[in-house]
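Chains, contacts and geometry: an overview
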Amino acid sequence: MDYKTLDYLQELVRITAFADNSRPNIEKFLKTLREQFVFDNVAVYLYDESSQGLEVVYARAVGRAKSAEADAAWGETFAGQVLKSGRLLLQDPKPEAPPDDRLSQAYLLGLPLRSDALTKGALIFVRFGGPVYESEHITVASFAADLLSNLFERAAWRETNSELRELKRQMQLQEDFVSTISHELRTPLGFIKGYSTSLLRQDTSWDDETQKEFLTIIDEEADRLSLLIENVLESARLQSKTLPLRFQPLRLDSVLRDVIMRLRIRHKDLDVNMDLTPAPPIQGDGVRLAQVFENLFTNAIKYAPGAPIAILLNQVGENIIISFMDRGPGIPAESLPLIFERFYRVRSERTITGTGLGLYICRQIIKAHRGKIWAESTPGQGTTFFIELPINSSK
Ligand code: ADP
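This one's a predicted model, so the numbers in the text were calculated from it and none came from an experiment. Along each chain, numbering runs from 1 in the same order as the chain's sequence is written. Local features in a predicted model are, by the rule used here, given only for residues with pLDDT of at least 70; side-chain atom pairs are given and counted only at 80 or more, and totals for whole chains, interfaces and linings are based on all residues. Hydrogens and water are ignored here; the side-chain numbers use all heavy atoms of the structure.

Observations regarding the overall build of the protein
Counting its regular elements, the protein contains eight helices and 12 strands. Referenced to the eigenvectors of the C-alpha coordinate spread, the extents of the protein come out at roughly 110 × 50 × 40 Å. Exposed residues in this analysis have more than 50% of their type's maximum accessible area, buried residues have under 20%, and partly exposed residues fall in between, with area computed by a 1.4 Å probe over protein chains only. Considering the protein as a whole, with its 395 residues, one finds that 42% of them fall into the buried category. Here, residues are in contact when the closest pair of their heavy atoms is within 4.5 Å. In the protein, 64% of the contacts between residues at least 6 apart in sequence involve partners at least 24 apart. On the protein, roughly 22,900 Å² of surface is accessible, and the fraction owed to carbon and sulfur atoms is 54%. Labels follow the DSSP assignment, with helices taken as runs of H or I lasting at least four residues and strands as runs of E lasting at least two, numbered in each case from the N terminus. Accessible areas in this description were obtained via Shrake-Rupley with a 1.4 Å probe; residue shielding takes into account the shown protein chains only.

As structure tokens, then:
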């Protein structure tokens, strides 16, 4: 073998060695291949499990002018035969083909693309009007098919690998959730049990004020417990996508004002600054949207205690955008895309109670209104949640 051929083969290996299965990579590979192995058209087919058929992943007419789509069709039947046989196949022009029409004088070469000893696709070449494939051409083409097989196999492994990693992450979230929820359920139950046992003790008599204090704690903890259970059930319901919404014309500014009024009963020092430009009413579910706003407030109170909250409401085209800014500790950039996931909680030194369900529920409610919710944050300076709602969300 001469050095030129060796260089050529080495270049083919180099192109595929660490490359992924993107179109430019396949293109570069086949272009380089053609420097010594001549063909007019080429097509790469892979078997697709979901459609149970061959899919063209790449097709190119290099010689005779034809569109790539049309080219894919010429090789499909032949690729099917290669896939079925699992072997290299050659096909000469049909004897009845007119000898003076070069395009009907198709010499086909089909090579199986394998993975784990199974044929997963085919690499098909065509030469119009010959020449026939010599044995050394076939060796080079087989070598190319093996390199492509490796490329696709590696891509499949990469995909499986990232799916597994995602699965592992989900499992970790569920595991964390189970331990959080056990703690979250036990705490209010402990209070309820402790204070009611105290009140029932025969040997102690409590004055009216103390009794009232204990009963208030029991009442509040029972509320907390039922809210928690409601959230867990709700997130399960949302998972199965059954969120019934009752659409009605709503003014978002008044929904926001109501929520703030209710929150002020429990949090007297809530520092909210509102800038609500007059905007038309939207079609929405008032109870659900109030739930979203309440959740954002509760989070700001929990994660940015004492920090002021600023709310802006604006109409932008056919949408209303609400921004909800706190001057709290913020959220690290790597956690930002994850906070709307079910069970996700940012790990921190401080133990702040929560389940990782609140923002997930918010996102599902906003999605059901055909809107969007996202967050931006500068750690150390604060977090802003944005909600975009179409004015006519029930359309
Ligand atoms: P939970 O509050 O029950 O943990 P959420 O889904 O409401 O669950 O929030 C997910 C995570 O997002 C929280 O654990 C918290 O780390 C982070 N987070 C939410 N809101 C804020 C905020 N205003 N400031 C900083 N971190 C926040």
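Looking at the pattern of salt bridges
We define a salt bridge as a contact between a side-chain nitrogen of Lys or Arg and a carboxyl oxygen of Asp or Glu at a distance within 4 Å. If you walk through the whole model with that rule in mind, you get 13 salt bridges. Between Glu294 and Arg262 there is a salt bridge, and its shortest N-O distance comes to 3.3 Å. With Glu294 in helix H7 (residues 286-303) and Arg262 in helix H6 (residues 252-266), this pair connects stretches of sequence that are 32 residues apart. Judged by its relative accessible area of 43%, Arg262 falls in the partly exposed class. Connected through salt bridges with shared partners, the residues Glu166, Arg169 and Glu341 form a single ionic network.

As for the confidence of the model for the protein
Averaged over every residue, the pLDDT of the protein is 89; residues scoring 70 or more account for 96%. The quantity known as pLDDT measures the predictor's confidence residue by residue, on a range of 0 to 100. In the model of the protein, helix H3 (residues 68-85) stands out as the element of lowest mean pLDDT, 80, in contrast to strand E12 (residues 382-390), which has the highest, 97.

A short note on the pairing of strand E2 (residues 53-61)
Here, strands pair whenever DSSP counts at least two bridges between them. In this sheet, E2 lies alongside strand E1 (residues 41-48) in antiparallel orientation, the contact comprising eight bridges. Across the sheet, the residue bridging to Val42 is Arg60, located in E2. Here E1 hands over to E2 after four residues, with Gln52 in that stretch at a positive phi of 50 degrees.

Regarding the site of the ligand
For this description, a residue counts as near a given molecule or strand if any of its non-hydrogen atoms is within 4 Å of it. Taken together, 18 residues lie around the ligand, and Tyr303, Asp326, Arg345, Thr355 and Leu359 are the ones closest in. In protein, a polar contact requires one atom able to donate a hydrogen and another able to accept it; more generally it is a pair of N or O atoms within 3.5 Å, and residues adjacent in sequence count only if both atoms are side-chain atoms. At 2.9 Å from an oxygen atom of the ligand is found a main-chain nitrogen or oxygen belonging to Gly356. Contacts to the ligand include Leu359, whose backbone N or O atom sits 2.8 Å from an oxygen atom. Protein coverage of the free-state accessible area of the ligand, which is 540 Å², stands at 96%. It is H7 that provides the largest number of residues to the shell around the ligand, a total of three residues. Under this grouping Gly is polar, as are all residues other than the nonpolar Ala, Val, Leu, Ile, Met, Phe, Trp, Tyr, Cys and Pro and the charged Asp, Glu, Lys and Arg. Here the shell around the ligand is built from residues that sort into eight nonpolar, seven polar and three charged.

A word on the domain arrangement of the protein
Once the domains are mapped, the protein shows domain 1 (3-162), domain 2 (164-239) and domain 3 (248-390). Just so you know, the domain bounds were taken from an automatic or database domain assignment. Once you take the C-alpha centre of each, domain 2 and domain 3 turn out to be 24 Å apart. In this complex, domain 2 contributes 19 residues to the contact, which on the side of domain 3 involves 16 residues. The junction of domain 2 with domain 3 conceals about 1,500 Å² of combined surface from both sides, 55% of it contributed by carbon and sulfur atoms. The buried area of a pairing is the accessible area, by a 1.4 Å probe, that goes missing from both parts when the two are put together, added over both. Looking only at domain 2, the three residues that lose the most surface to domain 3 are Leu173, Phe177 and Leu238, adding up to 31% of its buried area. At the surface where domain 2 touches domain 3, the tally comes to three salt bridges. A salt bridge links Asp176 to Arg347, with the nearest nitrogen and oxygen atoms 2.8 Å apart. Where domain 2 packs against domain 3, one counts six residue pairs in polar contact (both at pLDDT 80 or more). Counting only elements with at least two residues in the side of domain 2 that touches domain 3, the list comes to helix H4 (135-200) and helix H5 (208-239). Here the side of domain 2 that touches domain 3 gets 10 residues from one element, more than from any other, and that element is H4.

Overview of unusual backbone geometry
Glycine aside, residues mostly have negative phi angles, and peptide bonds mostly take the trans form. Across the junction of Gly130 and Pro131, the peptide omega takes the value 0 degrees, indicating a cis bond. Residue position: Pro131 is located in the loop between strand E5 (118-128) and H4. Backbone geometry at Phe343 places phi at a positive 75 degrees, although glycine is not the residue there. Relative to the elements of secondary structure, Phe343 occurs in the loop between strand E10 (319-326) and helix H8 (358-368). Given a relative accessible area of 8%, Phe343 falls into the buried group. Its identity as a non-glycine residue notwithstanding, Arg370 has a phi of 60 degrees, on the positive side. Assignment of secondary structure puts Arg370 in the loop between H8 and strand E11 (372-378).

A short note on the environment of Arg158
Tracing the backbone shows Arg158 in helix H4. Take Arg158: its relative accessible area is 40%, and that puts it in the partly exposed class. For the pair Arg158 and Arg23, spaced 135 residues apart in sequence, the C-alpha to C-alpha distance is 17 Å.

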